[in-house]
Amino acid sequence: MLITIEGIDGSGKSTLLASLRELLADLDPLFTREPGSTWVGGSVRRAVAERMDPITEALLFCADHAAHIETVIRPALEEGRLIISDRYSDSRFAYQPVVLDGVIPDPLSWLRRIHEGWSIRPDRTFLLVLPIEDAISRLDPEKKREYFESPEILARVQENYLNLAAADPARFIIVDALLPKEEVAGFVADEIRTCARSSRSRPRT
Ligand SMILES: Nc1ncnc2c1ncn2[C@@H]1O[C@H](COP(=O)(O)OP(=O)(O)O)[C@@H](O)[C@H]1O
Ligand SMILES: Cc1cn([C@H]2C[C@H](O)[C@@H](COP(=O)(O)OP(=O)(O)O)O2)c(=O)[nH]c1=O
């Protein structure tokens, strides 16, 4: 079963993942992430840091996703593992339309077409949502910021995320990221256990 965790920078994904490692240890999940589960992720980070052109950047994120699927996701699904990914294809569908706005027509459709035929759809996606000011205030002031981490861009990214969730309510679970860390983690862990139980009782389609 494939679970993905999504949300804007500073929404609490890394914190949640660290708690899930403890809370779900008995299920032996495979924790993974995008970008960066293979060496392709290094190229993506370099492209972002150097502000390469947006199409190159988007295609590198897609290449990272392809490598992630072939080397990590598909083999683990075939073994019947529970996989929990920190970011996945919805990060592309939420961030890249902002970056590609005005560069190509209808970036979201373009991105969806690129994923067609080979990407694997998550079974459940948890979307951490919080006011932009709170996310910005949580970002580490000592750490160099990616250009995505501006309030204007993050506001548009979160709006895109919410539209994706509204279009696919059976897959998305929206989580109030302002709740205390323990509550966020407890809620998500319980939901994952429920999904894992129901997926064991039905074959994968
Ligand atoms: N539920 C929460 N309540 C308050 N602070 C939080 C919560 N979740 C995370 N944080 C804090 O916010 C900051 C950013 O969290 P992090 O998990 O790194 O976010 P992300 O991985 O989504 O960028 C960290 O300092 C973390 O301790
Ligand atoms: C996976 C992915 C990430 N991103 C962005 C989100 C982040 O700002 C940045 C790096 O991701 P990440 O390292 O997960 O950042 P953080 O730990 O701060 O959440 O790349 C995209 O724009 N498109 C994508 O497809």
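None of these values were measured; they are calculated from a predicted model.

Draft legend 1. Structural view of the overall build of the protein chain. Scanning the protein chain from N- to C-terminus turns up eight helices and five strands. For the protein chain, the N- to C-terminal ordering of α and β elements is β-α-β-α-α-β-α-α-β-α-α-β-α. Here the C-alpha atoms of the protein chain give a radius of gyration of 16 Å, agreeing with the 17 Å that 2.2 N^0.38 yields for 205 residues. Its C-alpha atoms put the protein chain at 45 × 40 × 30 Å along the principal axes. The burial tally for the protein chain puts 48% of its 205 residues in the buried class. Here the analysis covers contacts within the protein chain between residues at least 6 apart in sequence; of these, 79% occur between residues at least 24 apart. Put simply, the protein chain shows about 10400 Å² of open surface, and 53% of that area lies on carbon and sulfur atoms. Both charge centroids of the protein chain, one from 26 positive and one from 33 negative side chains, sit 3 Å from each other.

Draft legend 2. Broad picture of the UniProt feature "binding site: ATP" (unreviewed entry) in the protein chain. Under the UniProt annotation, "binding site: ATP" (unreviewed entry) lies at G7, I8, D9, G10, S11, G12, K13 and S14. Of the annotated positions named here, the largest pocket is lined by D9, G10, S11, G12, K13 and S14. Within the secondary structure, G7 is located in strand 1 (residues 2-7). Given the relative accessible area of 0%, G7 is considered buried. Other than its neighbours up to four places away in sequence, G7 contacts K13, R87, Y95, L127, L128 and Y161. Considering the arrangement of structural elements, one finds D9 in the loop between strand 1 and helix 1 (13-23). Those residues within four positions of D9 in sequence are excluded, and the remaining contacts are R87, Y95, A135, L139, E146, E149 and L154. Within the local environment of D9, its side chain forms a polar contact with the side chain of Y95, the two groups lying 2.6 Å apart.

Draft legend 3. The side chain of Q96, seen in detail. With respect to the secondary-structure elements, Q96 resides in helix 4 (residues 89-99). On the accessibility criterion, Q96 (2% relative accessible area) is buried. Sequence-distant contacts of Q96, that is, excluding residues within four places in its chain, are made with E57, A58, F61, S91, L111 and F148.

Draft legend 4. Region of interest: the site of ligand 1. The immediate surroundings of ligand 1 are formed by 13 residues, with G10, K13, S14, T15 and L179 found nearest. G12 has a polar backbone atom sitting 3.0 Å from an oxygen atom of ligand 1. Here S14 contributes a side-chain N or O atom positioned 2.5 Å from an oxygen atom of ligand 1. Here ligand 1 loses 69% of its free accessible area of 560 Å² to cover by the protein chains. In terms of residue class, the shell around ligand 1 is made up of four nonpolar, five polar and four charged.

Draft legend 5. A look at the packing of helix 4 against helix 5 (residues 107-115). Two elements in contact, helix 4 and helix 5, have axes separated by 9 Å at closest approach and are oriented at 150 degrees. Considering their axes alone, helix 4 and helix 5 lie roughly antiparallel with respect to each other. As for how helix 4 packs across helix 5, the hand of that crossing is right-handed. Each of S89, R92, F93, Q96 and P97 in helix 4 lies in contact with helix 5, whose residues at this interface are P107, L108, L111, R112 and H115.

Draft legend 6. Quick peek at the sheet that holds strand 5 (residues 172-176). The parallel open sheet is built from five strands, whose spatial order is 2-3-1-4-5. Of all strands in the sheet, those bounded by a partner on one side alone are strand 2 (30-33) and strand 5. Going from strand to strand, the sheet's axes swing by 20 degrees on average, the running direction of each strand aside. Across five bridges, strand 1 lies against strand 4 (residues 124-129) in parallel orientation. In the strand pairing of strand 4, E6 is matched with L127. Contacts from helix 1 reach strand 1, strand 2, strand 3 (83-86) and strand 4, with the element oriented near 150 degrees to strand 1. Helix 3 (residues 54-78) contacts strand 1, strand 2 and strand 3 of the sheet and is inclined by roughly 160 degrees relative to strand 2.

What counts and how
Residues numbered from 1 in each chain as written. Chains lettered and ligands numbered in written order. Predicted model: local features only at pLDDT ≥ 70, side-chain atom pairs only at ≥ 80, totals over all residues. Heavy atoms only, no water. Helix = DSSP H or I, 4+ residues; strand = E, 2+ residues; numbered from the N terminus. Rg over C-alpha atoms; globule rule 2.2 N^0.38 Å. Buried < 20%, exposed > 50% of the residue type's maximum accessible area, 1.4 Å probe, protein only. Contact = heavy atoms within 4.5 Å. Areas by Shrake-Rupley, 256 points an atom, 1.4 Å probe, with all protein chains shown as cover. Lys, Arg positive; Asp, Glu negative; His and termini not counted. Charge placed at Lys NZ, Arg CZ, Asp CG, Glu CD. UniProt positions renumbered as here; feature names shortened; annotations may be inferred. 1 Å grid on protein atoms, 1.4 Å probe; cavity = no way out; pocket = protein on both sides within 12 Å on 5 of 7 lines; lining within 4 Å. Polar contact = N/O pair within 3.5 Å; in protein donor to acceptor, adjacent residues only side chain to side chain. Near = heavy atom within 4 Å. Nonpolar A, V, L, I, M, F, W, Y, C, P; charged D, E, K, R; others polar. Axes fitted to C-alpha atoms, helices over the stretch in contact; angles between N-to-C directions. Parallel < 35°, antiparallel > 145°, perpendicular 65-115°, else oblique. Left-handed = near helix turned anticlockwise from the far one by under 90°. Pairing = 2+ DSSP bridges.

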